[in-house]
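Below are the chains, spelled out letter by letter.
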Amino acid sequence: MEHQTQHALRSYLIGFVLAVVLSAVPFWLVYTHALPPQRTLLVIGIAFPLAYFVARSAPKSRNLLLFLILVPLWTNFVIRIYAWINILQHDGLLNQILLALHLVSAPVVWLSTDTAMYIGIVYSYLPFMVLPIYATLEKMDESLIEAAADLGCPRWKAFWLVT
């Protein structure tokens, strides 16, 4: 009888562990496989236009823009995250601005949301994406786009194919 009880307990324990593991699999799949490409595309979508703007700006303003991109890297990561926590709080700067502009009628909950996570990730990784793209775009010869346009290529297609 004792052997049957041990066998039954072992079977229930294995079933419980499998149920817990299998219920966590969708969460694990979403946060480890589905979200990283979205985050990367979001950072690229912001970084490329920013890098293009910096690369095509006047030399005097280019140095200032590069300085502004590099400033966050000089601050400790933990301090930057705490700054974002203060900005995204219930009575933080973002909610104060939204309320002052009458874009929302009540403060929005930002902390502990996917939006806050995306803001933190984009803010943290944006300089690391902007700088290499900027370095490449800055070396690109602007006359290539002009030559493509002279040969009859639409401006958007020349931009797409040359850059």
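A short tour of the structure in this document, coming up. No experiment lies behind these values; they were computed from the predicted model shown.

1. Some remarks on the overall build of the protein
At step 1: Looking only at helices and strands, the protein features seven helices and zero strands.
At step 2: A buried classification covers 21% of the 163 residues belonging to the protein.
At step 3: By element, 71% of the accessible surface of the protein is carried by carbon and sulfur atoms, the whole surface being about 11900 Å².

2. Considerations on the pattern of salt bridges
At step 1: For the coordinates displayed, the defined rule picks out two salt bridges.
At step 2: Note that Glu138 is salt-bridged to Arg62, the shortest N-O span being 3.8 Å. Remark: Arg62 occurs in helix 2 (residues 59–70) and Glu138 occurs in helix 5 (residues 114–139); sequence separation between them is 76 residues.
At step 3: Under the relative-accessibility criterion, Glu138 is labelled partly exposed at 37%.

3. Topic: the packing of helix 3 (residues 77–88) against helix 5
At step 1: It is at 11 Å that the axes of helix 3 and helix 5 come closest, and there the two elements cross at 140°. When the interaxial angle is binned, helix 3 and helix 5 end up oblique. Considering how the two elements wind past one another, helix 3 and helix 5 form a crossing that is right-handed. Contact residues: helix 3 offers Phe77, Arg80, Ile81, Trp84 and Leu88, while helix 5 offers Ala116, Ile119, Tyr123 and Ser124.
At step 2: Of the residues that constitute the contact of helix 3 with helix 5, the class distribution is seven nonpolar, one polar and one charged.

4. Focus: the packing of aromatic side chains
At step 1: Under the criterion given, the structure shown has three aromatic pairs.
At step 2: Considering the side-chain rings of Phe67 and Trp74, the 5.6 Å spacing of their centres and the 65° angle between planes classify their relative orientation as edge-to-face.
At step 3: Residue classification places Phe67 among the partly exposed positions, given a relative accessible area of 41%.
At step 4: The exposure class assigned to Trp74 is exposed, which follows from its relative accessible area of 60%.

5. Looking at the environment of His90
At step 1: One can find His90 in the loop between helix 3 and helix 4 (93–100).
At step 2: If sequence neighbours within four positions are ignored, His90 has contacts with Asn95 and Pro107.

6. Section: a nonpolar patch on the surface
At step 1: A surface patch of nonpolar side chains, amounting to about 440 Å² of accessible area, comprises Phe77, Val78, Tyr82, Ile85 and Leu111.
At step 2: Following the sequence through the fold, Leu111 ends up in the loop between helix 4 and helix 5.

7. Quick notes on helix 3
At step 1: The end-to-end C-alpha separation of helix 3 is 17 Å, in line with the 16 Å expected for 12 residues at 1.5 Å each.
At step 2: Residue Asn76 occupies the N-cap position of helix 3, its side-chain oxygen lying 3.1 Å from the main-chain nitrogen of Val78.

8. What to know about the nonpolar core
At step 1: Core analysis: the biggest nonpolar cluster contains 13 residues, and Ala51, Val130 and Tyr134 have the highest contact counts within it.
At step 2: Elements with a minimum of two residues in this core: helix 1 (2–55), helix 2 and helix 5.
At step 3: Here this core takes six residues from helix 5, the largest share from any one element.
At step 4: Within the second largest apolar cluster, five residues are counted, among which are Met140, Ile145, Ala148 and Cys153.

Scoring rules and cut-offs
- Once a new chain begins, its residue numbering starts again from 1 and follows that chain's sequence as written.
- Only residues with pLDDT of 70 or above have their local features reported here, since the model is predicted, and side-chain atom pairs are shown and tallied only from 80 upward, although totals for entire chains, interfaces and linings are computed over all residues.
- The side-chain values count all of the structure's non-hydrogen atoms but skip hydrogen atoms and water molecules.
- Put simply, DSSP marks the helices as runs of H or I at least four residues long and the strands as runs of E at least two long, and each gets a number from the N terminus on.
- Think of it in three bands: residues with accessible area under 20% of the maximum for their type are buried, residues over 50% are exposed, and the middle band is partly exposed, with areas taken using a 1.4 Å probe on protein chains only.
- Computed with a 1.4 Å probe, the accessible areas rest on the Shrake-Rupley method; for each residue, only the protein chains presented here act as cover.
- The term salt bridge refers to a side-chain nitrogen of Lys or Arg lying within 4 Å of a carboxyl oxygen of Asp or Glu.
- To get an axis, fit a line to the C-alpha atoms, keeping to the stretch in contact for a helix; angles then go from 0 to 180 degrees between the N-to-C directions.
- Angle categories: roughly parallel below 35 degrees, roughly antiparallel above 145, roughly perpendicular from 65 to 115, and oblique for all the rest.
- Crossing handedness is read from the near helix: turned anticlockwise from the far helix by less than a right angle, it gives a left-handed crossing, and turned clockwise, a right-handed one.
- Contacts: residue pairs with any heavy atoms within 4.5 Å of one another.
- For this scheme, ten residues count as nonpolar: Ala, Val, Leu, Ile, Met, Phe, Trp, Tyr, Cys and Pro. Four count as charged, namely Asp, Glu, Lys and Arg, and the remainder, Gly too, count as polar.
- Only Phe, Tyr and Trp rings are paired, with Trp represented by its six-membered ring, and only when their centres lie within 6.5 Å; those with planes under 30 degrees apart are stacked, over 60 edge-to-face, the remainder tilted.
- The patches reported here contain residues having more than 30% relative accessible area and no salt bridge. Joining distances are 9 Å for like charges and 5 Å for nonpolar side chains (Val, Leu, Ile, Met, Phe, Trp, Tyr).
- Expected helix span is given by 1.5 Å per residue-to-residue step, counting one fewer step than there are residues.
- Under this definition, polar contacts are N or O atom pairs within 3.5 Å; protein pairs additionally need one hydrogen-donor-capable and one acceptor-capable atom, and for neighbouring residues in sequence, both atoms have to be side-chain atoms.
- Nine residue types can take part in a nonpolar core, namely buried Ala, Val, Leu, Ile, Met, Phe, Trp, Tyr and Cys, and a core is a set of them joined through side-chain atoms within 4.5 Å.

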